[in-house]
Amino acid sequence: LQSQKVLEILQKLSSKKDFCMWQNMFFDKSTGTVDHLDSYYLDTNPMGNLIAAWFALEDSNADGGTFHVYPKSHLKVSNDWKNMNHNEFVKWSSKNTSSMKRKSIFLKKGDVLFWHPFTFHGSSSQIKNGISRKSLTAHYFPTDTLKGGRGKNTNEEKKLREVKLKKQFKTYRSYGFPIYSSTRKRSSLIFSIKGLLHYLLNKNKPHTLMNRKNY
């Protein structure tokens, strides 16, 4: 997934110099996926720089489930989906692909398919029991872009959430007691106090020491 050959292909496809891998998956058999475009889930900010790849670990045929794409669909995609919930997005994707030409992809062991994050694609479920479709998928984004999805920057969203949590739990932290979970409510402060007392009373016992030989 991170070989020099893959990097060279990514560079040719995008004119970018360096990439980072973001989320990879292993498929034993095809579980079937609805038609979709990756940008709804994973992409860069600005959108369109993510590159997805499917690595065939064995020869594939229809009995093991069919992976399909809609060629050139990335040239026709609008931004209508940005503010949709997932159910709306699935219906929108189905409506768009209903008028497009679908191409089934049958790769040989060792083949790799790369596609644009705006390209509609999906797969059917396994047809015959015992017939697998072993494969890996991975997503790559240029290191000079930000991670995003649905046209948003997940890094910025994470920072905003952290700031919000710090404000929300500022009162708790002022007590000086350890608050281990950001989801605790004010009424749960007593559990942290109990935990601290339990540690102080048992801190020299083997089960409280961070020593692997005790486990």
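Residues numbered from 1 in each chain as written. Predicted model: local features only at pLDDT ≥ 70, side-chain atom pairs only at ≥ 80, totals over all residues. Heavy atoms only, no water.

J.: Any chance you could explain the sheet that holds strand S7 (residues 112-115) here in plain terms?
T.: As a general point, the strands of a sheet are linked pairwise by backbone hydrogen bonds and lie either parallel or antiparallel. In spatial order, the strands read S1-S9-S4-S7; together these four strands make up an open sheet with antiparallel pairing. With one partner strand each, in any of the chains shown, strand S1 (19-27) and S7 form the two edges of the open sheet. When strand polarity is set aside, the average angle formed by the axes of neighbouring strands in this sheet is 20°. (Pairing = 2+ DSSP bridges. Helix = DSSP H or I, 4+ residues; strand = E, 2+ residues; numbered from the N terminus. Axes fitted to C-alpha atoms, helices over the stretch in contact; angles between N-to-C directions.)

J.: Explain the sheet that holds strand S8 (residues 121-125) here, please?
T.: What the four strands build is an open sheet, ordered S2-S8-S5-S6; its pairing is antiparallel. The open sheet is flanked by strand S2 (31-36) and strand S6 (103-105), the only strands paired with a single partner. Direction aside, neighbouring strands of the sheet carry axes that sit 30° apart on average. Here three bridges tie S2 to S8, and the two strands are oriented antiparallel to one another. Paired with Thr33 across the strands is Ser123, a residue of S8.

J.: Just to check I follow, could you spell out the environment of Lys17 for this structure?
T.: Topologically, Lys17 is positioned in the loop between helix H1 (4-14) and S1. Classification of Lys17 as exposed rests on a relative accessible area of 73%. With ten residues separating them in the primary sequence, Lys17 and Leu7 have C-alpha atoms 8.6 Å apart. In contact with Lys17, other than residues within four places in its own chain, are Leu7 and Gln11. (Buried < 20%, exposed > 50% of the residue type's maximum accessible area, 1.4 Å probe, protein only. Contact = heavy atoms within 4.5 Å.)

J.: Teacher, can you tell me more about the layout of surface pockets here?
T.: If a probe the size of a water molecule is rolled over the atoms, the empty space left behind becomes visible. Its volume calculated, the largest pocket comes out at about 410 Å³. Met25, Thr33, His36, Asp38 and His121 are, among the 22 residues lining the largest pocket, the residues nearest its centre. Contributions of two or more residues to the lining of the largest pocket are made by S1, S2, S8 and strand S9 (135-142). By residue number, the principal contributor to the lining of the largest pocket is S2, which donates five residues. In terms of residue class, the lining of the largest pocket is made up of eight nonpolar, twelve polar and two charged. (1 Å grid on protein atoms, 1.4 Å probe; cavity = no way out; pocket = protein on both sides within 12 Å on 5 of 7 lines; lining within 4 Å. Points joined across faces, edges and corners; volume = space filled by probe spheres on them. Nonpolar A, V, L, I, M, F, W, Y, C, P; charged D, E, K, R; others polar.)

J.: Quick question: what am I supposed to make of a nonpolar patch on the surface here?
T.: A contiguous nonpolar surface patch, about 300 Å² in accessible area, is contributed by Leu197, Tyr199 and Leu200. Relative to the helices and strands, Tyr199 is located in helix H5 (residues 189-202). What makes Tyr199 partly exposed here is its relative accessible area of 42%. (Patch = residues over 30% accessible without salt bridge, like charges linked within 9 Å, V, L, I, M, F, W, Y side chains within 5 Å. Areas by Shrake-Rupley, 256 points an atom, 1.4 Å probe, with all protein chains shown as cover. Salt bridge = Lys/Arg side-chain N within 4 Å of Asp/Glu carboxyl O.)

J.: Can you help me understand the pairing of strand S4 (residues 51-56) in this one?
T.: For a regular strand, the rule is simple: side chains alternate between the two faces of the sheet. Across the six residues of S4, six count as buried, placing the element largely inside the fold. Burial along S4 is two-sided: the residues Ile51, Ala53 and Phe55 and Ala52, Trp54 and Ala56 are all buried. The pairing of S4 with S9 spans six bridges and is antiparallel. Each residue of the ladder has a partner; that of Ala53, found in S9, is Ala138.

J.: Is there a simple way to explain the packing of aromatic side chains in this structure?
T.: Aromatic rings considered in pairs are described by the distance between their centres and by the relative angle of their planes. Applying the stated criterion to the full structure yields nine aromatic pairs. Centre to centre, the rings of Tyr40 and Phe89 are 4.0 Å apart; their planes meet at 10°, and the pair counts as stacked. One end of the pair, Tyr40, is in the loop between S2 and strand S3 (43-45); the other, Phe89, is in helix H2 (residues 86-97), and 49 residues separate them in sequence. As far as burial versus exposure is concerned, Tyr40 and Phe89 are alike and both buried. A ring pair is formed by Trp92 and Phe120, whose centres lie 5.7 Å apart and whose planes are at 45°; its orientation type is tilted. One end of the pair, Trp92, is in helix H2; the other, Phe120, is in the loop between S7 and S8, with 28 residues separating them in the sequence. With a relative accessible area of 0%, Phe120 lands in the buried category. (Phe/Tyr/Trp six-rings, centres within 6.5 Å; stacked < 30°, edge-to-face > 60°.)

Interpretation in functional terms is not warranted from these geometric data alone.
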